[in-house]
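A closer look at the structure
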Amino acid sequence: MLLGLFPAFVSAHEPVFGPGPRTIWKDGVGFSSQNEWADRENEATGDTESERTHAVGMVYGVTDRLALGLRLPYKTIVHEKGGVSETHGGMADLSTLVKWNVWRNTGKRYLDGVTLLGGLRLPTGEREENISNGSTGYVMGLTAAREHLRYYAFASALYFTSGPGSDGSRPGDVLQYNLTPGIRPRIGAYTDPDLVLLAEFVGRLQRASTSRSTEAQAVPRRNGGGVGSFAEGVGKTDHTLAVAPEALFSWRNVMIKGGVQIPFLDVDSDRMEDRWRIAADLIVQF
Amino acid sequence: MIRILFSSWIVAVLLFAGGIATATWAEDEAPAPEERVITCEVDGLACPFCAFGLEKKIKKLSGVKKLDILMKEGQVKIHAESDADISKKDVEKAVKDSGFELKAYKDSKDEKSEQ
């Protein structure tokens, strides 16, 4: 659900579940097939949920420092509550993203960068199937990295917030932070296949959503996950930490990347929490 | 018989000499064009996937025949036609638009002019 706000950018090596500072070269175009599987559980109630997302993404380099992205997902959600299973499927919300590389420092075999990003999640998804709750989402963030031919170090912070949905409820704000070290075990020639290994640490602070109807309370929330606003100071904050081993394999202009996100710390357990999350993307750039 | 043998030898020698002369003459008349090599030091070459954009931009320059991107050395070698219309400014722009930085530029055409 958080990744629904975040088109995978195709310009460079970057973590699977969080952004990196690279954009794409001027007039470059990238296409991606993004796939995600997630399994969640509410330990207090015993409810479970599995979610499968398949999305297509596109990115365009306006300049060498400014890139625009689009992402259109299709989701299938199976929710189990009290032994009763419900399946919902349909097109999810369209999201857009802008990345602006505001600072860059280059040297022999390395590149440092700081990038601002901002995006919108538009309420275009299926509402009848409960894939979208009709709210508009916003994301803003900052990402920085040292990318070296041998090692990588990424860091990012993203803030997600939403407007009210069609049922009057408002998904909670989310603050996500990522720290990712990585290594390239073998430095080959430019035309050789290339492998990079990453270990991504993902932290999420989520506020509880505000709901105006009992019907809304029974509905599995699709967007934002948390509840309430950090700015308004309402709602409870959940804090989860996860680790994700990842691999990025590329050859020339084609990349396959994937990872498994496993939570290892969950401060609050009275809501749906991830048991695991798997992502696998195919990216081609021209 | 002796006259025939002697004539044959003369013809053979003349043909051999003529062949060598022809080959030499052919070389003098149409020499193979010399290749122009532009060697650049490029900063920021940290991943091959990202460097693909650099390959695309440079190969679009007029007269480029071949390109070598040397990741470990941080170098790019452009093999171009000897009369290719490529300037340092063109290469610098291609490198910048790819997201990298040109640190040094050496053109074999400039070195030959100095000689």
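For every chain, the first residue of the written sequence is number 1, and numbering continues from 1 onward in sequence order. Going through the entries in the order they are written, you letter the chains from A and number the ligands from 1. Reporting of local features is limited, given that this is a predicted model, to residues whose pLDDT is at least 70; pairs of side-chain atoms are given and counted only at 80 or more, and all residues count toward the totals for whole chains, interfaces and linings. For side-chain calculations, the full set of non-hydrogen atoms in the structure is used, while hydrogens and water are omitted.

Considerations on the packing of aromatic side chains
Condition: To pair, rings of Phe, Tyr and Trp, with the six-membered ring standing in for Trp, must have centres within 6.5 Å; the planes then decide the type, stacked if under 30 degrees apart, edge-to-face if over 60, and tilted in the middle. Numbering of helices and strands starts at the N terminus; helices are DSSP runs of H or I of at least 4 residues and strands are runs of E of at least 2. In this analysis the charged atom, NZ for Lys or CZ for Arg, is taken to sit over a ring once it is within 6 Å of the ring centre and within 35 degrees of the ring normal.
Counted according to the given criterion, the structure contains 3 aromatic pairs over all chains. With a centroid separation of 6.0 Å and 55° between ring planes, the pair formed by Trp25(A) and Phe52(B) is classed as tilted. In this pair, Trp25(A) is assigned in the segment before strand 1 (29–41) and Phe52(B) in helix 2 (residues 48–59), connecting two distinct chains. Residue placement shows Arg146(A) over the ring face of Tyr110(A); its charged tip is 4.2 Å from the ring centre.

Notes on unusual backbone geometry
Residues and elements named next belong to chain A. What counts here: Exposure classes here rest on a 1.4 Å probe applied to the protein chains alone. A residue is buried below 20% of its type maximum, exposed above 50%, and partly exposed in between.
Of note, the phi angle at Asp-27 is positive, near 70°, even though the residue is not glycine. Within the secondary structure, Asp-27 sits in the segment before strand 1. On the accessibility criterion, Asp-27 (40% relative accessible area) is partly exposed. Phi at Arg-252 takes a positive value of approximately 60°, unusual for a residue other than glycine. Structurally, Arg-252 is set in the loop between strand 13 (237–251) and strand 14 (254–266).

What about helix 3 (residues 88–97) of chain B?
All names here are of chain B. To keep things clear, this is the line we draw: Contact criterion: two residues are considered in contact whenever any of their non-hydrogen atoms come within 4.5 Å of each other.
Turning to helix 3, its buried residues number three or more, namely Val-91, Ala-94, Val-95 and Asp-97. Each element contacted by the buried residues of helix 3 is listed here: strand 1 (36–43), helix 2, strand 3 (75–80) and strand 4 (101–107). Downstream of helix 3 by a residue or two, Gly-99 has a phi angle that is positive, lying close to 100°.

Quick notes on a nonpolar patch on the surface
All names here are of chain A. Spelled out, the test is: Patch criteria: residues need more than 30% relative accessible area and no salt bridge. Like-charged residues are merged within 9 Å; nonpolar side chains of Val, Leu, Ile, Met, Phe, Trp and Tyr are merged within 5 Å. For the area figures, the Shrake-Rupley method with a 1.4 Å probe applies, and any residue is considered shielded solely by the protein chains shown. The working definition used for a salt bridge is a side-chain nitrogen of Lys or Arg within 4 Å of a carboxyl oxygen of Asp or Glu.
A cluster of nonpolar side chains, contributed by Phe-31, Met-58, Tyr-60, Val-62, Leu-68, Leu-70, Val-98 and Phe-286, occupies part of the molecular surface with about 630 Å² of accessible area. Secondary structure elements with two or more residues in the nonpolar patch: strand 2 (48–61) and strand 3 (66–81). One can find Val-98 in strand 5 (residues 94–107).

A look at the state of the cysteines
Residues and elements named next belong to chain B. For clarity, the threshold we go by: We call a pair of cysteine sulfur atoms a disulfide whenever their separation is within 2.5 Å.
Per the stated rule, a full pass over the model turns up 1 disulfide over all chains. One disulfide in the model links Cys-47 with Cys-50; its S-S distance is 2.0 Å. An S-S torsion of about 90° defines the bridge between Cys-47 and Cys-50 as right-handed. Looking at Cys-50, the relative accessible area reads 3%, which means it is buried. Take Cys-40: it sits in no disulfide, and the sulfur closest to it among the cysteines is that of Cys-50, at 19 Å. Cys-40 sits in the buried class, given a relative accessible area of 1%.

Focus: the confidence of the model for chain B
All names here are of chain B. What counts is decided by this rule: One number per residue, pLDDT, summarises how confident the predictor is, and it ranges from 0 to 100.
Per-chain confidence: chain B averages 80 in pLDDT, with 68% of residues scoring 70 or above. The least confident element of chain B is helix 1 (residues 2–29), whose mean pLDDT is 49; the most confident is helix 3, at 97. The low-confidence segment residues 19–32, where pLDDT is below 50, has 0 contacts with residues more than four positions distant or belonging to other chains. For this predicted complex, the interface score ipTM comes out at 0.84, alongside a pTM of 0.82.

Examining the environment of Ile38(B)
All names here are of chain B. As for its position among the elements, Ile-38 is in strand 1. As a C-alpha pair, Ile-38 and Ser-108 span 70 residues in sequence and 6.2 Å in three-dimensional space. Apart from the residues within four sequence positions on either side, Ile-38 is in contact with Val-76, Lys-77, Ile-78, Ile-86, Tyr-105, Lys-106 and Asp-107.

Some words on the sheet that holds strand 4 of chain B
Residue and element names in this part refer to chain B. Going by this rule: Strand pairing follows a simple DSSP-based rule, namely that at least 2 bridges must link the two strands. Note on geometry: axes are C-alpha line fits, over the in-contact stretch for helices, and angles between N-to-C directions span 0 to 180 degrees.
Pairing is antiparallel across the open sheet formed by 4 strands, whose spatial order is 2-3-1-4. Edge positions in the open sheet fall to strand 2 (64–70) and strand 4, since each of these has one partner strand only. In this sheet, neighbouring strand axes are inclined to one another by 20° on average, regardless of whether the strands run parallel or antiparallel. As paired elements, strand 1 and strand 4 share 6 bridges and run antiparallel to each other. In the sheet register, Val-42 faces strand 4, and the bridge partner there is Leu-102. Sheet strands touched by helix 2: strand 1, strand 2 and strand 3. Its angle to strand 2, the strand with the most contacts, is close to 160°. Across the sheet, helix 3 lies against strand 1, strand 3 and strand 4, angled at about 150° from strand 4, the strand it touches most.

Description of the interface of chain A and chain B
The line we're drawing: Polar contact criterion, stated in full: a pair of N or O atoms within 3.5 Å, where within protein one must be able to donate a hydrogen and the other to accept it, and residues adjacent in sequence count only if both atoms are side-chain atoms. Each residue is assigned to one class: nonpolar for Ala, Val, Leu, Ile, Met, Phe, Trp, Tyr, Cys and Pro, charged for Asp, Glu, Lys and Arg, and polar for all the others, Gly among them.
Between chain A and chain B, the residue contacts involve 32 residues of the former and 25 residues of the latter. Counting across the chain A and chain B interface gives 2 salt bridges. Among the salt bridges present, the one from Arg252(A) reaches Glu55(B), with a minimum N-O distance of 2.5 Å. For the pair chain A and chain B, the number of links is 13 residue pairs in polar contact (both at pLDDT 80 or more). When residues of the side of chain A that touches chain B are traced back to their parent elements, those giving at least two are strand 5, strand 6 (110–122), strand 7 (137–148), strand 14 and strand 15 (273–285) of chain A. Sort the elements by how many residues they give to the side of chain A that touches chain B and strand 5 of chain A lands first, with 3 residues. For the side of chain A that touches chain B, the per-class residue count stands at 13 nonpolar, 8 polar and 11 charged.

With respect to empty space enclosed by the protein
The condition is simple: Buriedness for pockets is judged along seven lines, at least five of which must meet protein on both sides within 12 Å for an open set on the 1 Å grid over protein atoms alone, while cavities are sets there where a 1.4 Å probe fits but cannot get out, and lining residues have an atom within 4 Å of a point. Grid points are joined across faces, edges and corners, and a volume is the space filled by probe spheres set on the points.
For the coordinates displayed, the defined rule picks out 5 cavities of 30 Å³ or more. For the largest cavity, the calculated volume is near 150 Å³. What lines the largest cavity is a set of 15 residues, and nearest its centre among them are Arg22(A), Thr23(A), Asp64(A), Arg104(A) and Gly99(B). Broken down by secondary-structure element, the contributors of at least two residues to the lining of the largest cavity are strand 5 and strand 6 of chain A. Considered class by class, the residues forming the lining of the largest cavity number 6 nonpolar, 6 polar and 3 charged.

Details of the side chain of Arg36(B)
By secondary structure assignment, the location of Arg36(B) is in strand 1. Residue Arg36(B) is classed as buried on the basis of its relative accessible area of 3%.

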